[in-house]
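Listed below are the residues making up each chain.
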Amino acid sequence: MTDTGQRIPAGPLGTVGELRHPSQLRIGDMVPFDGVYYAIEDMCTARVGAKLLRFKDREPYTVDKPVLSYRQLDLTSMAGAVRYRLSD
């Protein structure tokens with residue numbers, strides 16, 4: 001849930017969405033634009049507290065406030081056992 005009480009929509013399979021401050025963004029995080037998810041390929045500081053995000057097939061985007069981004073799940077840090085079942 002976000003600060004305003006709204007649920008974060010499901011993103012690409014195998015990712016988890018979160019509102020992240022520009023300083024928390026990483027290369028590889030996906031940012032949605034008009035229903036399409038673009039992975040951050042490069043970023044640099046734009047001004048105090050802001051980042052300039054660069055994508056492969058989209059123009060750069062400057063963020064200076066929290067932005068919805070999706071990050072791949074880190075399955076190696078999850079506790080529990082993974083079980084596989086062969087179909088008959």
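Residues numbered from 1 in each chain as written. Predicted model: local features only at pLDDT ≥ 70, side-chain atom pairs only at ≥ 80, totals over all residues. Heavy atoms only, no water.

Novice: Sorry if this is basic, but what is going on with the sheet that holds strand β5 (residues 50-54) here?
Specialist: The pairing of strands in a sheet comes from backbone hydrogen bonds and takes either a parallel or an antiparallel form. Read across the sheet, 3 strands follow the order β4-β5-β6 without closing on themselves; strand pairing throughout is antiparallel. With one partner strand each, in any of the chains shown, β4 (42-47) and β6 (61-63) form the two edges of the open sheet. Recorded for the sheet is a direction-independent mean angle of 30 degrees between the axes of neighbouring strands. Inspection of the sheet shows β5 paired to β6 by 3 bridges, in the antiparallel sense. Of the residues in β6, the one forming a bridge with K51 is V63. (Pairing = 2+ DSSP bridges. Helix = DSSP H or I, 4+ residues; strand = E, 2+ residues; numbered from the N terminus. Axes fitted to C-alpha atoms, helices over the stretch in contact; angles between N-to-C directions.)

Novice: Even after reading the chapter, I still don't get the pairing of β5, so can you show me in this structure?
Specialist: Look at any regular strand and the pattern is simple: side chains alternate between the two faces of the sheet. Pairing between β4 and β5: 5 bridges, direction antiparallel. Within β5, the residue paired with D42 across the bridge is R54. Counted between consecutive antiparallel strands, the loop separating β4 from β5 contains 2 residues, among which G49 sits at a positive phi close to 80 degrees. Adjacent in sequence and paired antiparallel, β5 and β6 are bridged by 6 residues.

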